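# Residue-level structure breakdown
Chain by chain, the residues run as shown.
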2 protein chains.
Amino acid sequence: MSIKTIERKVLQKNDEVAGDNRRFFKEKGILSLNLVSSPGSGKTSLLERTLEKLKGRIKTAVVIGDVQTDLDARRLESSGVPVIQLVTNGACHLEAPLVRDALADIQPDQTELLFIENVGNLVCPAGFDLGEDMKVVIASTTEGDDKPLKYPAMFRNAKVLVINKTDLVPYVNCDLNELRNNALRINPSLTIFETSCTNGDGLDQWCDWLTKQVRK
Amino acid sequence: MSIKTIERKVLQKNDEVAGDNRRFFKEKGILSLNLVSSPGSGKTSLLERTLEKLKGRIKTAVVIGDVQTDLDARRLESSGVPVIQLVTNGACHLEAPLVRDALADIQPDQTELLFIENVGNLVCPAGFDLGEDMKVVIASTTEGDDKPLKYPAMFRNAKVLVINKTDLVPYVNCDLNELRNNALRINPSLTIFETSCTNGDGLDQWCDWLTKQVRK
């Protein structure tokens, strides 16, 4: 038996459960976003600021995947939004069955928008469908402008790119135009936002867009 | 047949070849470093500056792993040091057989120090021995100070931590003491350097240490 066969079986099982998750989201009218990025791109900070801004506008819940620790969940607890922490115990990405387990803990009638914060990893989560409506890739300016070319699968599979930490552009070697162009070369239909969780730039546009997606 | 068995077989094969690589390095007197980090931590910039400083002091060569593109190899070409690019075609980490293939292209009598730049990924490369003398984990200050706790395997398996982008500390939410302490909680025997490839801070200490390791 070749490894490929095994991998295909694992993916098949994953995709079956992802299909179940997708049906669940559709039936319950929940918009689900799979947030993917490198470690340290600011996913959790972006979530903190986003939950704050969406408070009273949209009913949200968060599922957070981490290799180890519940640090991120504890950071988000103060938002007052239901937060479910998944610990992968070393695994480098979330898979659909783990997300399905988390869904048992959310209240569907109290949830219009579900954020699934994946493990910080710009490679592996690209290949795993969780049943989400879309992948949102977060790339911080501190990572440089070449990441879409070097990690194309993630940018190809995402519908949205959030370029985060724009306040640091003056101090780092990152050309925003180049970053945008590189991302659009890989995936011309990407919707792109530019945000800073430090000075708040771009967060309103991002949250307005999220609100529109939920109300669609 | 369970997935675990398959994984063990893959690792066994990897570890066998890693053993061959290790013997090769020992016989030829080559110090080999496996550089691991998140995408965008500045591995390639650190290498550029390091190769510059070691020029004329130590004979070096570089093997670079990327999911896609030869951007990094092209960046390092101007250093005048032999550079071999490995493209993993989507795989999230380097494995020992791929490194063995690269070793056929280096000149052992012209190499005292070999840098193996792994794929940008703070999870998966931790589990794969390439036969290197040590793993060096690079963490940039822009990633925050909690990464050792969230990605412990990488910090546990490394002998050296390079905290990079120290020039950005004033602009980001990263407490250097906290980062150091978190790393040492996971791995008390880590040797830690602090560098900035922008203002050059700490590069001399890092390069002096490398020189001493080679001359040992």
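Summarised in this report is the structure supplied together with it.

### Here we look at helix 8 (residues 203-215) of chain A
Helix length check: helix 8 of chain A, at 13 residues, gives a terminal C-alpha distance of 18 Å against a target of 18 Å (1.5 Å per residue), a fit within 8%. Looking at the buried positions of helix 8 of chain A, the neighbouring elements they touch are strand 1 (31-37), helix 2 (43-54), strand 4 (113-117), strand 5 (134-140), strand 6 (160-164) and strand 7 (191-194) of chain A.

### Examining the sheet that holds strand 3 (residues 83-87) of chain B
Residues and elements named next belong to chain B. Here we have 7 strands laid out as an open sheet, ordered 3-2-4-1-5-6-7, and parallel in their pairing. With one partner strand each, in any of the chains shown, strand 3 and strand 7 (191-194) form the two edges of the open sheet. For this sheet, the mean inter-axis angle between neighbouring strands, taken without regard to orientation, is 20°. Sheet topology note: the strand 2 (residues 60-66)/strand 4 (residues 113-117) ladder contains 5 bridges and is parallel.

### Here we look at the packing of aromatic side chains
Each aromatic ring pair is summarised here by two numbers: the centre-to-centre distance and the angle between the ring planes. In the structure shown here, the tally under the stated rule is 9 aromatic pairs over all chains. Counting every residue linked through ring pairs, the aromatic cluster contains Phe193, Trp206 and Trp209 of chain A.

### Some thoughts on the pairing of strand 1 (residues 31-37) of chain B
Put simply, side chains in a regular strand alternate between the two faces of the sheet. Residue and element names in this part refer to chain B. Burial analysis of strand 1 places 7 of its 7 residues in the buried class, which makes it a mostly covered element. Here strand 1 shows no split at all, with Leu31, Leu33, Leu35 and Ser37 on one side and Ser32, Asn34 and Val36 on the other all buried. Across 5 bridges, the pairing between strand 1 and strand 4 is parallel. Bridge pairing links leucine 35 to glutamate 117 in strand 4. In terms of strand pairing, strand 1 meets strand 5 (residues 134-140) through 5 bridges, oriented parallel. Opposite leucine 33, over in strand 5, you have methionine 134 as the bridge partner.

### Overview of the interface of chain B and chain A
Taken together, the contact between chain B and chain A spans 34 residues of the former and 35 residues of the latter. Looking only at chain B, the three residues that lose the most surface to chain A are Pro39, Lys150 and Tyr171 of chain B, adding up to 21% of its buried area. Linking chain B with chain A are 4 salt bridges, by the criterion used here. Between aspartate 72 of chain B and lysine 150 of chain A there is a salt bridge, and its shortest N-O distance comes to 2.7 Å. Where chain B touches chain A, the interface holds 7 residue pairs in polar contact (both at pLDDT 80 or more). When contributions to the side of chain B that touches chain A are tallied by element, the ones reaching two or more residues are helix 1 (3-28), helix 3 (71-77) and helix 5 (147-150) of chain B. Taken together, the residues of the side of chain B that touches chain A sort by class into 18 nonpolar, 8 polar and 8 charged.

About the thresholds
Residues numbered from 1 in each chain as written. Chains lettered and ligands numbered in written order. Predicted model: local features only at pLDDT ≥ 70, side-chain atom pairs only at ≥ 80, totals over all residues. Heavy atoms only, no water. Helix = DSSP H or I, 4+ residues; strand = E, 2+ residues; numbered from the N terminus. Expected span 1.5 Å × (residues − 1). Contact = heavy atoms within 4.5 Å. Pairing = 2+ DSSP bridges. Axes fitted to C-alpha atoms, helices over the stretch in contact; angles between N-to-C directions. Phe/Tyr/Trp six-rings, centres within 6.5 Å; stacked < 30°, edge-to-face > 60°. Buried < 20%, exposed > 50% of the residue type's maximum accessible area, 1.4 Å probe, protein only. Buried area = accessible area lost by both parts, 1.4 Å probe. Salt bridge = Lys/Arg side-chain N within 4 Å of Asp/Glu carboxyl O. Polar contact = N/O pair within 3.5 Å; in protein donor to acceptor, adjacent residues only side chain to side chain. Nonpolar A, V, L, I, M, F, W, Y, C, P; charged D, E, K, R; others polar.

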